[in-house]
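# Coordinate analysis (summary)
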There are 2 protein chains.
Amino acid sequence: MGNDSQARLAARYGAPQIAALKQCNATIDQLLEHRSVRAFTDQPLADGTLETLIAAAQSASTSSNLQVWSVVAMQDDERKGRLSVLAGNQAYIRQAPLFLVWLADLSRASRLGEQHGVELEALPYLESLLLGTIDAALAAQNAVVALESMGLGSVYIGGIRNDIEGVAKELDLPAQVYPVFGLCVGHPSPDRPAHVKPRLPQAAVLHHETYSAAAEQDVIAEYDERLGAFYHREGMKAGGWSEQVVSRLREVSSLHGREALLGELKRMGFGLR
Amino acid sequence: MGNDSQARLAARYGAPQIAALKQCNATIDQLLEHRSVRAFTDQPLADGTLETLIAAAQSASTSSNLQVWSVVAMQDDERKGRLSVLAGNQAYIRQAPLFLVWLADLSRASRLGEQHGVELEALPYLESLLLGTIDAALAAQNAVVALESMGLGSVYIGGIRNDIEGVAKELDLPAQVYPVFGLCVGHPSPDRPAHVKPRLPQAAVLHHETYSAAAEQDVIAEYDERLGAFYHREGMKAGGWSEQVVSRLREVSSLHGREALLGELKRMGFGLR
């Protein structure tokens, strides 16, 4: 492994002295270099880009090949503008040439049941919500890997869940479909380059054989420092990670409407037993 | 794009005459070639493989950098054997040299709240379950891309959700952590090569601007034929996709215990409001 791989890993963990990975290659280098892009040029996407991203997405695993996900691709500026408002006024939704809304979609299976005159008794359970959510996430992540390999950038928009009924109305979603998250796609703006954000040391997330949080406090203290140093380099005033997590989750108001998800999903036809 | 790319796409959709993608590269070719591997050689993984997979996983996006996921890596044969039983007797869990259980993990945030003497009021909502589930799925899919780039194979194990309390006991999971799925990792056995399974035509999952199922029936009829032809080539007796979906979802018994997820998650400390 060359110095470049070590530098990528050092940025990923905010740890300049970290030992290089023993196993690495160009694909893994690309994964390590991921950063969320929130500023795009107005360059349109090359012809055929969307079809490539969808082929990559569909190549991801799907539970029992049920394929309980769909995606809506938006390029219309006015619609992107309305979605941007629904998702908490995130300007880059409007700016990105392509906005993808990834859906957990049980409606396709439901329609098949109706056509066959069969009631799908296994559908109205929380398990189905998870199936669709996981299918959509695996698919979307493959699309992200594909678009980054093409020199494009993206950012996930969880704010789409702030008002899933509003989004469903805008996208004309049938019952038993919910928007899991959005994804802005475009050419990264060179004027506002995004940087790799350091993650927790592996020791905090990786457990061997069984779960153990025994060494966690020291590991997180180390990360608090590393992330603080990263924000300092970025010219941002921000505390350590621990503070951020606590301040993000201490009040229901930070959910921006997502505290109502359960009721909304039920009204949208999810059984959730 | 060469003929190889066209052949990969043809296999992905079970459509020999499909037009080649206009945008493609080696990374996308790898994504298109994904197949689930259920037979492994007894060759151990190269030194450092696990650390590389975790670095790739941690490089995936995570909502607000909360990192509400963890993973347990299992190499112990007896433990893998017990997990295999819990997940519905899937022999490849035992056979794979590495078995990863991906966790939605709200407990780390909870411990931080306790240390700061702050109640995290935004935590006991369904939204948190989705956060952790999505974070875990994005991370795992990055690991899958990384391992395939290294010539390894894998298969997701949703059967881990058949008995999440049993798995939690085996892995010593704290409250507010649940196993989302497993992942078997190893060297694919050349004796039982896995093939690319055709997916739905893009027209079935990709919607433009708004959702529309208008042309769906014809598209699915086409896919029923293509998937039937695939199973025929594989020497398997299986109907079309529609039949499979309906037969998989018609009875609660096909959930193999996952119909109890809601109650189990509540007992495991998830608020789910």
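Position labels on residues start from 1 in each chain and follow its written sequence. Both sets of labels track the order of writing: A upward for chains, 1 upward for ligands. Since the coordinates come from a predicted model, pLDDT governs what is reported: local features require at least 70, and pairs of side-chain atoms require 80 or more to be given and counted, while whole-chain, interface and lining totals use all residues. Note that water and hydrogens are dropped before the side-chain values are worked out from all heavy atoms of the structure.

## Brief notes about the domain arrangement of chain A
Residue and element names in this part refer to chain A. The assigned domain composition of chain A is domain 1 (1–33), domain 2 (49–192) and domain 3 (196–255). Here the C-alpha centroids of domain 1 and domain 3 sit 20 Å apart. We call two residues contacting when some pair of their heavy atoms lies within 4.5 Å. On the domain 3 side, the residues contacting the seven residues of domain 1 number eight residues. Defined here as a combined quantity, buried area equals the accessible surface (1.4 Å probe) lost by two parts on assembly, summed across both. Around 660 Å² of area is buried between domain 1 and domain 3 when both sides are counted, 54% of it from carbon and sulfur atoms. For domain 1, the biggest contributors to the area lost against domain 3 are Arg 12, Tyr 13 and Gly 14; these three give 72% of the whole. By salt bridge we mean one thing: a side-chain nitrogen of Lys or Arg within 4 Å of a carboxyl oxygen of Asp or Glu. One can count zero salt bridges joining domain 1 with domain 3. Under this definition, polar contacts are N or O atom pairs within 3.5 Å; protein pairs additionally need one hydrogen-donor-capable and one acceptor-capable atom, and for neighbouring residues in sequence, both atoms have to be side-chain atoms. Counting every contact that joins domain 1 to domain 3 gives three residue pairs in polar contact (both at pLDDT 80 or more). Along the lines of polarity and charge, the residues of the side of domain 1 that touches domain 3 split into four nonpolar, one polar and two charged. Throughout the structure description, domain borders are defined by an automatic or database domain assignment. In the scheme used here, Gly and all other residues not listed as nonpolar or charged are polar, with Ala, Val, Leu, Ile, Met, Phe, Trp, Tyr, Cys and Pro taken as nonpolar and Asp, Glu, Lys and Arg as charged.

## Concerning the packing of aromatic side chains
For any pair of aromatic rings, the description consists of the separation of the ring centres together with the inter-plane angle of the planes. Ring pairs are drawn from Phe, Tyr and Trp, using the six-membered ring of Trp, whenever the two centres fall within 6.5 Å, and their geometry is named by plane angle: stacked under 30 degrees, edge-to-face over 60, tilted for the rest. In this structure the tally under the stated criterion is ten aromatic pairs over all chains. Above the face of the Tyr 125 of chain A ring, Arg 273 of chain A is positioned so that its terminal group lies 5.1 Å from the ring centre. Think of it as a cone above the ring: NZ of Lys or CZ of Arg counts as a charge over the ring if it is within 6 Å of the ring centre and within 35 degrees of the ring normal.

## What to know about unusual backbone geometry
For residues that are not glycine, phi is negative in most cases, and the peptide bond is trans in most cases. Residue and element names in this part refer to chain B. One non-glycine residue, Asn 89, adopts positive backbone phi at about 55°. Numbered from the N terminus, helices here are DSSP runs of H or I no shorter than four residues, and strands are runs of E no shorter than two. Topologically, Asn 89 is positioned in the loop between helix H4 (77–86) and helix H5 (91–95). Relative accessible area decides the class of each residue, using a 1.4 Å probe on protein chains only: under 20% of the type maximum gives buried, over 50% gives exposed, and in between gives partly exposed. Overall, the relative accessible area of 57% leaves Asn 89 in the exposed class.

## Focus: the relation of the copies chain B and chain A
To superpose the copies, least squares is applied to the C-alpha atoms of every residue with a pLDDT of at least 70 in both. The operation relating chain B to chain A is a screw motion whose rotation component is 180°, with 0.0 Å of axial translation and a residual RMSD of 0.0 Å. Read as a symmetry element, the transformation amounts to a two-fold axis. A symmetric contact is evident, with 100% of the interface residues of chain B recurring at the interface of chain A.

## Notes on the nonpolar core
Residue types Ala, Val, Leu, Ile, Met, Phe, Trp, Tyr and Cys, when buried and joined through side-chain atoms within 4.5 Å, form a set referred to as a nonpolar core. Membership of the largest hydrophobic core comes to 197 residues, with the highest contact counts inside it found for Trp 102 and Tyr 178 of chain A together with Trp 102 and Tyr 178 of chain B. Each residue touching Tyr 178 of chain B, except ones within four places of it in the same chain, is listed here: Leu 130 of chain A together with Trp 102, Leu 103, Ala 104, Leu 129, Thr 133, Arg 161, Ile 164, Leu 265, Met 268 and Phe 270 of chain B.

## Some thoughts on the sheet that holds strand S1 (residues 69–74) of chain B
Hydrogen bonds along the backbone pair up the strands of a sheet, which may run parallel or antiparallel. Pairing between strands is defined by DSSP: at least two bridges between the two strands are required. What the five strands build is an open sheet, ordered S5(A)-S1(B)-S2(B)-S4(B)-S3(B); its pairing is mixed. Strands at the two margins of the open sheet, each flanked by one partner only, are strand S5 (206–208) of chain A together with strand S3 (153–157) of chain B. Direction aside, neighbouring strands of the sheet carry axes that sit 25° apart on average. Strand direction decides the pairing type here: S1 of chain B and strand S2 (residues 98–105) of chain B, joined by six bridges, are antiparallel. Across the sheet, residue Met 74 of chain B finds its bridge partner in S2 of chain B, namely Phe 99 of chain B. Here, axes are lines fitted to C-alpha atoms. For helices the fit covers the stretch in contact, and angles between N-to-C directions go from 0 to 180 degrees.

## Re the sheet that holds strand S2 (residues 98–105) of chain A
The five strands are arranged S3(A)-S4(A)-S2(A)-S1(A)-S5(B) in an open sheet whose pairing can be described as mixed. Of all the strands in the sheet, the pair left with one neighbour each is strand S3 (153–157) of chain A together with strand S5 (206–208) of chain B. Here the strands of the sheet are splayed against their neighbours by 25° on average, with no regard to which way each runs. Strand direction decides the pairing type here: S2 of chain A and strand S4 (residues 177–186) of chain A, joined by eight bridges, are antiparallel. Its bridge partner lying in S4 of chain A, Leu 100 of chain A is registered against Leu 183 of chain A.

## A closer look at H4 of chain B
Residues and elements named next belong to chain B. Burial in H4 covers these residues: Arg 79, Lys 80, Gly 81, Leu 83 and Ser 84. Along its buried surface, H4 packs onto S1, H5, S2 and helix H8 (164–171). For H4, the capping residue at the N-terminal end is Asp 76, with a side-chain oxygen 3.2 Å from the backbone nitrogen of Glu 78. One or two positions beyond H4, positive phi appears at Gly 88, with a value near 90°.

## Focus: the packing of helix H6 (residues 107–115) of chain A against helix H10 (residues 216–233) of chain B
Contact geometry for H6 of chain A and H10 of chain B: axes closest at 12 Å, N-to-C directions at 85°. The angle between the axes of H6 of chain A and H10 of chain B places the two elements in the roughly perpendicular class. Each of Arg 108, Arg 111, Leu 112 and Gln 115 of chain A in H6 of chain A lies in contact with H10 of chain B, whose residues at this interface are Glu 216, Gln 217 and Ile 220 of chain B. Here the contact of H6 of chain A with H10 of chain B is built from residues that sort into two nonpolar, two polar and three charged. Note on terminology: angles under 35 degrees are roughly parallel, angles over 145 are roughly antiparallel, angles of 65 to 115 are roughly perpendicular, and the others are oblique.

## A closer look at the interface of chain B and chain A
Contact residues are listed per partner, giving 123 residues for chain B and 123 residues for chain A. Interface area, chain B with chain A, both sides summed: about 10600 Å², of which 61% is carbon and sulfur. Per-residue buried area on chain B facing chain A is highest for Glu 209, Tyr 211 and Leu 249 of chain B; these three make up 8% of the total on that side. Across the contact surface, chain B and chain A share ten salt bridges. Across the pair Glu 209 of chain B and Arg 79 of chain A runs a salt bridge whose closest N-O atoms are separated by 2.9 Å. Between chain B and chain A we count 73 residue pairs in polar contact (both at pLDDT 80 or more) in total. Residue contributions to the side of chain B that touches chain A peak at 14 residues, all from helix H7 (residues 126–149) of chain B. Here the residues of the side of chain B that touches chain A are counted per class, giving 64 nonpolar, 33 polar and 26 charged.

## Section: the pairing of strand S1 (residues 69–74) of chain A
Counting buried positions along S1 of chain A gives six out of six residues, so the element sits mostly inside the fold. Side chains Trp 69, Val 71 and Ala 73 of chain A of S1 of chain A all project onto a buried face; the interleaved residues Ser 70, Val 72 and Met 74 of chain A project onto the opposite face, where all are buried too. Note that S1 of chain A and S5 of chain B share three bridges and pair parallel. Within S5 of chain B, the residue paired with Ala 73 of chain A across the bridge is His 208 of chain B.

## Some points on the pairing of strand S4 (residues 177–186) of chain B
Residues and elements named next belong to chain B. Across the ten residues of S4, ten count as buried, placing the element largely inside the fold. In this sheet, S4 lies alongside S3 in antiparallel orientation, the contact comprising five bridges. If you follow Val 155 over to S4, its bridge partner there is Cys 184.

## Things to note about the confidence of the model for chain A
Keep in mind that low pLDDT regions are not for reading the predicted coordinates in detail. When the pLDDT values of chain A are averaged, the result is 96; 99% of them are 70 or greater. Among the prediction metrics, the complex's ipTM stands at 0.98, with pTM recorded as 0.98. Confidence of the prediction at every residue is given by pLDDT, a number between 0 and 100.

## Focus on the side chain of Arg 12 of chain B
Residue and element names in this part refer to chain B. As for its position among the elements, Arg 12 is in helix H1 (residues 3–13). There is no salt bridge for the buried Arg 12, and the closest opposite charge comes from Glu 148, which lies 7.7 Å off by N-O distance. A distance of 3.0 Å separates a polar side-chain atom of Arg 12 from the backbone oxygen of Leu 32. Within polar-contact distance, the side chain of Arg 12 engages the backbone oxygen of Lys 197 at 2.8 Å. Charge counting treats Lys and Arg as positive and Asp and Glu as negative, with His and both chain ends excluded.

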